[in-house]
Amino acid sequence: MEAIWLYQFRLIVIGDSTVGKSCLIRRFTEGRFAQVSDPTVGVDFFSRLVEIEPGKRIKLQIWDTAGQERFRSITRAYYRNSVGGLLLFDITNRRSFQNVHDWLEEARSHVQPHSIVFLLVGHKCDLEAQRQVTRQEAEKLAGAYGMRYIETSARDAINVEHAFTELTREIFALVRSGDITIQEGWEGVKSGFVPNVVHSSEEVTKSDRRCLC
Amino acid sequence: VFEMVYYLLSNNHVNSIIVHKFDFSDEEIMAYYISFLKTLSLKLNNHTVHFFYNEHTNDFALYTEAIKFFNHPESMVRIAVRTITLNVYKVDNQHMLHYIRDKTAVPYFSNLVWFIGSHVIELDKCVQTDEEHKNRGKLSDLVAEHLDHLHYLNDILIINCEFLNDVLTDHLLNRLFLPLYVYSLVSPETSEERKISPQVSLYLLSQVFLIIHYQPLVNALADVILNGDLSAFSSQTDVHSTHKNMVSAGGVRRFSKPPESLERSLELSRHRGRKRTQKRPNYKNLGEEDDERAGEGGEREKGKEIEMVVMDKSKVSDLTEQNITDEEKTAAATRTHTQRSRPFLDMVYSALDCTSDDYHALFVLCLLYAVSHSRGVNRDLLERLQLPVPGQERSSYSVVLVERLIRIMNQVRLATLELSCLLLKQSVLSGTRCIIKDVHLACLEVKGAPDTNMLTFKLLFLLSFQGEEIFLDMFEDEYRSMTSKPLNVEYLMMDASILLPPTGTPLTGIDFVKRLPCGDVEKTRRAIRVFFMLRALSLQLQGEPETQLPLTRPEDLIKMDDVLDLNNSDLIACMVVSKDGSQAQRFLAVDVYQMSLVEPETKRLGWGVVKFAGLLQDMQVSGVEDDSRALNIIIHKPSSNPHAKPLPILQANFIFADHIRCIIAKQRLAKGRIQARRMKMQRIAALLDLPVQPGATEVLGFGQTANALPSGLPFRFYEQSRRAPNDPTANRSVFASVDKVPGFAVAHCIPQHSPSPLSSPSPPSSGSGSTGRCDSVTASTISAQSPAAPALAPSLTPASQPTISLLTDNLSVESLTLLPPADSPHLHPCAAALSLQRPDASVLEEEDASPTDETDITVKDETTETTELVTPTDEGGEDDFIYLFAHKEKHFSPPEVDSGGTAAEIKAH
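Only a predicted model underlies this, so the values are computations on that prediction, with no experimental measurement involved.

Novice: Even after reading the chapter, I still don't get the overall build of chain B, so can you show me in this structure?
Specialist: What chain B contains, in helices and strands, is 34 helices and 13 strands. The buried share of chain B, taken over its 909 residues, is 58%. When the accessible surface of chain B is totalled, it reaches about 38,200 Å², and 54% of it is carbon and sulfur.

Put into structure tokens, the structure is as follows:
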């Protein structure tokens, strides 16, 4: 059976440096944990298919911001062409939690008057002993911004799958309800049935393929 | 690591991969390829650049191959190209940068500018052909695209590589911004030269000034708009450009397609570089003179070449040649009409006219705001034209602008109004001093009156239909959302929806402040906002602090851990059982605006520590089934978002000793809620110069003293009772009045951190910075008017005013029945009272010439007969307008005048 995707969602992963953005993405797209991670350079997008309902697959293109130059025009373009994102902080690093607001503000300043669907992720939840941010306060913060909150660990593969699928489901529902519409010239959501965007089937089945556009 | 990279790069394999002709029609190959180039570009620095840039052969494949994709249809490819170029420009290698400028800058920038311009024309077409806002999706994308371009240009400019910036600035000014954007402001609709419509041009220019701050570019641009005439487009002598040595400095400013594609240009350039030919002067073929050009000698040489370029350009098309003469004719014609013509500025000012709508005006306001806030625009230029410079000391302002700003009022969107208030303040406030002329101030007041009137009647309208409940919530909600989300011009200019003609329907999804109101509720919301904005404006112009709004300041409220003197207060003991099952023994105290739960203070008898305090107005009280001693109490957090689900800050069962106490508590709370809301409504009424309901002051026990107080007093809750507990008279009178109202506890609240409140001799005004001035004013007026008046907490005293109200069984506003307040036996229409008291202030009530709804018309009959125009006198100076303002607040007030009578009893619900 052909593994064709219904939609392609472009997602970003943001948060302070060293919160484990690349590790989370690699765990999700490659199924492994890179213990010693060299700063990611050049590889923009990781792709993976996600099945949200039987037979309904969504292709996720995930942008890793690590190693990117901070030119405003470039960052802006990535934000603008994303429909959703994971906003990461490190539960063992209070500072990274306090910066969550700034990250949201930055995203907002780039995509006005639109918005990005974010999921708040407390990363490194395997390091319970070093925890500096309680689940309660993180949930409260997420609630205040209308986000959901999930705690993950890339090392122990806790909730990684869950975090991405949750976000995908949330976006899918918004696309279904018409709150998010596919626009020509916007790459946040692409429909798999537009002829010139459909990839050949064998390309798509390579789920951990890196797309480098 | 470096060694490895060096090894990998040094044998030139990388460059042969870069120039390999891949099949770029394959999306995947394209993606890998451009990503590869980008990865390499991220590694560029002063050392590694030599592996890619060959000085001797003048090759820089990484860069030249990448920029060929600058207009690739896939946006992610374009972004990668931009990243590569920025990474290249930021490497500080003079040889490489000279190469970039001499061999590639003109082809790349001219094509880039053409690409941007084409998007702009597409954007304009999208606006022009729109029907029923159907193009909004596409338009939004095109606007975002334009912003992308501007941010990219700005990123290049802020790398601050001077000679690259010169070329880029020249292209942007002379090939894009001036010919395409600015010229479209004045060219007649039918003209060939008009490429885009003026509103689109204004919008895009605002974006330019908001994003780009590079001085040589934006100053030159601002100079043409604010100061230039049409000669900027026709004559050979260019007075505005600061770049006399630039490509088109001697030539004609025109938005035109580059003569050949970027790829071909680069090829030719490379070819020429090797053979050192001079055939195509279009591409600065000065490779052999690199050394000289690095020094000062290069300038002259460049100038020579430029002339050739211009000549070459003018041969490109006969059609464009024709256009030049047309432009010249137009310019010449304009010059004969006006002596010193500033057609662009004239256009900008005339677009502020809002007689039909504020479609253009909003963009002009944004443009003026952006120009005046730009770091790149010379202050001199703005000052010469007396344009608002934020935070600058000055003694005069642009009369034309201010008058036009003042005229912006009716039927405009809230965003337009907010911006025009902003610019007005910027224009006439010099430091803390206001330099507005009385005549303008008077205009402002006249202008404000119709809207205030409208609000007044909307208020009544609402009262009659929905009751005051919703009005109060709406009033406070609007204030909260307005102050929590002040206008952000940059964000406003990112919204494509304002590019389409203003609309009223919320079905478009357009933000409330960016469209006209729809329906009565929104009209009321709008009227409330207008009121807030004009009030803030007039207060600020007078240099007076806001003492009335918000109706509830958090700092005035009783807070947790406050210690209160509860002697003489009614306290009811109860057990508070919260939702999570936790229990606590507390005393319930009901205050004017709040209910609080206290526990005894151990050190002082009769004092209590507040454990919880919540606003009565947001409280719901209900009985508990099966328990006649218990009440269920919920207090919601006031939210700034009316759509958000109310968040309870207290949700608990209160269990009392017996049924009687429970009933007393319930009554006290219920009554307290009504009273708290009524107090606030009275304060709103006073703010609007609406009379207070009769009997209200009596109910609260202020009947005697309140009459002695002038209106317009600060209503700050608790300000004085907190600070002056040492005044025995004040205390007594507070309690005396409280005693008239059973079940009403007025507590004396002293913040715990205050060291010794009882012995503090400080006058009431000393404590608070923001309200200090007003407090002292209040104190002095009190003592002047009635020396015996005790120093009541002003927040507890609604202004005594004639009373107006609606009969609830008559729902139409026309049937307003006017009744006298209890103490005045005569009956007069309120407008008559106004003119009797202050004929000089009646100008304030002048009706708008075109009332917009039926309520206005009915009022007009009453008011016009008593309205007389007053020319403000010249000699008064600053005092004069303060006088005007002061009396505006008073003109309904003095109760001793036997008029004022507009009232009927309204059943509160």
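Novice: How should I be thinking about the overall build of chain A in this particular structure?
Specialist: Of regular secondary structure, chain A possesses seven helices and eight strands. Residues counted as buried form 58% of the 213 residues belonging to chain A. Excluding contacts between residues fewer than 6 apart, the proportion of contacts in chain A whose partners are at least 24 apart in sequence is 77%. For chain A, the computed accessible surface area is about 9,000 Å², with 49% contributed by carbon and sulfur atoms.

Novice: How should I be thinking about the environment of L167 of chain A in this particular structure?
Specialist: All names here are of chain A. You can see L167 is positioned in helix α6 (residues 160-177). On the basis of relative accessible area, L167 is assigned to the buried category, the value being 0%. Once the C-alpha coordinates of L167 and G192 are considered, the two residues, 25 residues apart in sequence, prove to be 19 Å apart. Once residues within four sequence positions are removed from consideration, L167 is found in contact with L11, G84, G85, L86, V117, F118 and L119.

Novice: Help me understand the environment of I528 of chain B, please; the structure alone is not making it clear to me.
Specialist: Along the chain, I528 of chain B falls in helix α25 (residues 519-542). C-alpha separation for the pair I528 of chain B and A652 of chain B, spaced 124 residues apart in sequence, amounts to 35 Å.

Novice: Looking at this model, I keep getting lost on the pairing of strand β4 (residues 84-90) of chain A. Mind explaining?
Specialist: Moving residue by residue along a regular strand, the side chains alternate between the two faces of the sheet. Residue and element names in this part refer to chain A. A large share of β4 lies buried, amounting to seven of its seven residues. Examined bridge by bridge, strand β1 (residues 7-14) and β4 share four bridges and lie parallel to one another. Within β4, the position partnered with V13 by the bridge is L86. With seven bridges joining them, β4 and strand β5 (residues 117-123) adopt parallel strand pairing. Paired with L86 across the bridge in β5 is L119.

Novice: I'm lost on the pattern of salt bridges in this one. Help?
Specialist: Where charged atoms of side chains with opposite charge meet at close range, the side chains can pair. Tallied over the full model, the rule gives 39 salt bridges over all chains. In this structure, the salt-bridge partner of D141 of chain B is R80 of chain A, at a minimum N-O distance of 3.6 Å. Taken together, the positions of D141 of chain B in helix α8 (residues 136-159) and R80 of chain A in helix α2 (residues 72-80) put the pair across two chains. For the residue pair D141 of chain B and R80 of chain A, the accessibility class agrees, reading buried in each case. A single network of salt bridges, built from pairs that share partners, joins R76 and R80 of chain A together with R78, D141, E145 and D148 of chain B.

Novice: Is there a simple way to think about the interface of chain A and chain B in this case?
Specialist: For an interface, size is often stated in terms of accessible area lost upon the parts coming together. Between chain A and chain B, the residue contacts involve 38 residues of the former and 33 residues of the latter. Taking both sides of the interface into account, the surface hidden between chain A and chain B amounts to around 3,100 Å²; carbon and sulfur atoms contribute 53%. For the pair chain A and chain B, the interface holds five salt bridges. At the boundary of chain A with chain B, the tally comes to eleven residue pairs in polar contact (both at pLDDT 80 or more). Of all the elements, α2 of chain A adds the most residues to the side of chain A that touches chain B, at seven residues. Taken together, the residues of the side of chain A that touches chain B sort by class into eleven nonpolar, 13 polar and 14 charged.

Novice: What am I meant to see in a nonpolar patch on the surface here?
Specialist: Judged by side-chain polarity, I17, F22 and I29 of chain B come together as a nonpolar surface patch covering roughly 210 Å² of accessible area. With respect to the helices and strands, the residue I17 of chain B is situated in helix α2 (residues 13-19).

Novice: Just to check I follow, could you spell out the environment of S350 of chain B for this structure?
Specialist: All names here are of chain B. The topology assignment puts S350 in helix α17 (residues 343-350). Sequence separation between S350 and R404 is 54 residues, and the spatial gap between their C-alpha atoms is 8.5 Å. Polar contacts involving the side chain of S350 include one to the main-chain carbonyl oxygen of M347, which spans 3.0 Å.

The rules behind the values
- Per chain, the residues get numbers from 1 upward, laid out in the order the sequence is written.
- Following the order in which they are written, the chains are lettered starting with A and the ligands numbered starting with 1.
- Where totals are concerned, whole chains, interfaces and linings use all residues; where local detail is concerned, this predicted model gives features only for residues with pLDDT of at least 70, and gives and counts side-chain atom pairs only at 80 or more.
- Heavy atoms from the whole structure form the basis of all side-chain values; hydrogens and water molecules are not counted.
- By the criteria applied, helices consist of DSSP H or I runs no shorter than four residues and strands consist of E runs no shorter than two, each listed in order from the N terminus.
- Summary of the burial criterion: residues with accessible area below 20% of their type's maximum are buried, those above 50% are exposed, and those between are partly exposed, where the area comes from a 1.4 Å probe applied to protein chains only.
- Per-residue and other accessible areas follow the Shrake-Rupley method at a 1.4 Å probe size, with only the shown protein chains counted as cover for residues.
- The criterion used for residue contact is that any of the two residues' heavy atoms lie within 4.5 Å.
- Two strands pair under a simple rule: DSSP has to find at least two bridges between them.
- The term salt bridge refers to a side-chain nitrogen of Lys or Arg lying within 4 Å of a carboxyl oxygen of Asp or Glu.
- Buried surface area refers to the total accessible area, computed with a probe of radius 1.4 Å, that the two partners give up upon joining, counted for both partners together.
- We call two N or O atoms a polar contact when they sit within 3.5 Å, provided that within protein one can donate a hydrogen and the other can accept it, with sequence-adjacent residues counted only if both atoms are side-chain atoms.
- Residues are grouped as follows: nonpolar covers Ala, Val, Leu, Ile, Met, Phe, Trp, Tyr, Cys and Pro; charged covers Asp, Glu, Lys and Arg; every other residue, Gly included, is treated as polar.
- For patch building, the residue pool is restricted to those with more than 30% relative accessible area and no salt bridge; the joining distance is 9 Å between like charges and 5 Å between nonpolar side chains (Val, Leu, Ile, Met, Phe, Trp, Tyr).

Nothing here speaks to function; it is all geometry.
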